[in-house]
Amino acid sequence: MINAIGMAVVSTYLLVAVSSATKKNDSSIFALVGNLVKFGITKVDLSIQNYIEEKDEEMMELVTQVKKDPTRKKVKSIEEESNKYEIFM
Amino acid sequence: MKNGGGNRKTRSDKKVDVKPTMSINLKNQLYSFAYLCDEPVKDCAEKLCIDGATSKVIIDDICKWFRRNYIYHNTVAIGDSERQKLKIHIQGESDKVTIRFKQKDYDLLCELAHALDVTPTTTSGILIKTTLTNVEFMQQYAHEHLMHLSDKQKRDIDVFLNKLWGLKK
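All of these numbers come straight from a predicted model, not from anything done at the bench.

Points about a nonpolar patch on the surface
Residues and elements named next belong to chain A. Together, Ile 29, Phe 30, Leu 32, Val 33, Leu 36 and Val 37 make up a nonpolar patch on the protein surface, roughly 620 Å² of accessible area in all. With respect to the helices and strands, the residue Val 37 is situated in helix α2 (residues 29–68). According to the relative accessible area criterion, Val 37 is partly exposed, its value standing at 32%.

Right, here's the structure in full:
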């Protein structure tokens, strides 16, 4: 997860750096390389985003599973709450 | 000393009798503790109640039941009248223990009883229960009142309390 975030940050930085070069609309080798890098970074960015979304969905599924499964998490009943105000002597 | 009409004068330092009802189990625990401390039960229970009523550890423990504010040692424990009243359950057979408080200490007990919205008698029972079962309080109590005892007596008290708290040693 940390790696994915790191890659996303680096790719965004590269995207910004190269886009500033390509904005000039020149047909130099730099602009070509810039366009290629931009394309690559966009693809990487998309795949990272997809990966993050997948992971998020998995986590959400796990959370809902825990909520539904009574063996994992016991629901606190109202009766239990009221038992706080008693002492056994 | 007799007064004119044949009535006895009341002592200025007359003690007040309080007889809390508690389970036989708790009563036995109190009696055993007093025996190990080499003190009468009355004195031991009195000390537990008075120390408990002014102990931060105990007040922090029972302040969840406060329905009115309680002031001790320049500290105010906030009560909430919206809270449910504390219910007392006695498991199994019950019996009474007689404790005698000085008027000043009884007044303190009454203040705590007012905060808990129960009777002073019940409050003394609650204090005995909470003090005996509170590890931190008993450590402080031992440092304050039991240091004069012999090593064997201290060890016996230690074994008894560990057994009471369900700790292995």
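Alright, that's what it looks like, and here's the rest.
So, the interface of chain B and chain A
In this complex, chain B contributes 18 residues to the contact, which on the side of chain A involves seven residues. Between chain B and chain A the total buried area reaches about 1,200 Å² when both faces are included, carbon and sulfur atoms providing 63% of it. Its largest share of buried area at the contact with chain A, chain B owes to B:Trp65, B:Gln84 and B:His89, together 42% of the area lost on that side. Counting across the interface, chain B meets chain A through zero salt bridges. At the junction of chain B and chain A, the tally comes to nine residue pairs in polar contact (both at pLDDT 80 or more). Listing elements by their share of the side of chain B that touches chain A, those giving two or more residues are β2 (21–23), β5 (87–89) and α5 (120–133) of chain B. With four residues, α5(B) is the largest single contributor of residues to the side of chain B that touches chain A. As defined by bridge partners, strand β1 (residues 86–88) of chain A adjoins β5(B) across three bridges and the pair is classed as parallel.

What about unusual backbone geometry?
Residues and elements named next belong to chain B. The phi angle at His 73 is positive, at roughly 45°, despite the residue not being glycine. Looking at the element boundaries, His 73 is found in the loop between β3 (70–72) and β4 (75–77). In this structure His 73 comes out as exposed when scored by relative accessible area, which is 58%. A positive phi angle is found at Asn 74, which is not glycine, with a value near 60°. With respect to the secondary-structure elements, Asn 74 resides in the loop between β3 and β4. Classification of Asn 74 as exposed rests on a relative accessible area of 83%.

Definitions and limits used
- Residues numbered from 1 in each chain as written.
- Chains lettered and ligands numbered in written order.
- Predicted model: local features only at pLDDT ≥ 70, side-chain atom pairs only at ≥ 80, totals over all residues.
- Heavy atoms only, no water.
- Patch = residues over 30% accessible without salt bridge, like charges linked within 9 Å, V, L, I, M, F, W, Y side chains within 5 Å.
- Areas by Shrake-Rupley, 256 points an atom, 1.4 Å probe, with all protein chains shown as cover.
- Salt bridge = Lys/Arg side-chain N within 4 Å of Asp/Glu carboxyl O.
- Helix = DSSP H or I, 4+ residues; strand = E, 2+ residues; numbered from the N terminus.
- Buried < 20%, exposed > 50% of the residue type's maximum accessible area, 1.4 Å probe, protein only.
- Contact = heavy atoms within 4.5 Å.
- Buried area = accessible area lost by both parts, 1.4 Å probe.
- Polar contact = N/O pair within 3.5 Å; in protein donor to acceptor, adjacent residues only side chain to side chain.
- Pairing = 2+ DSSP bridges.

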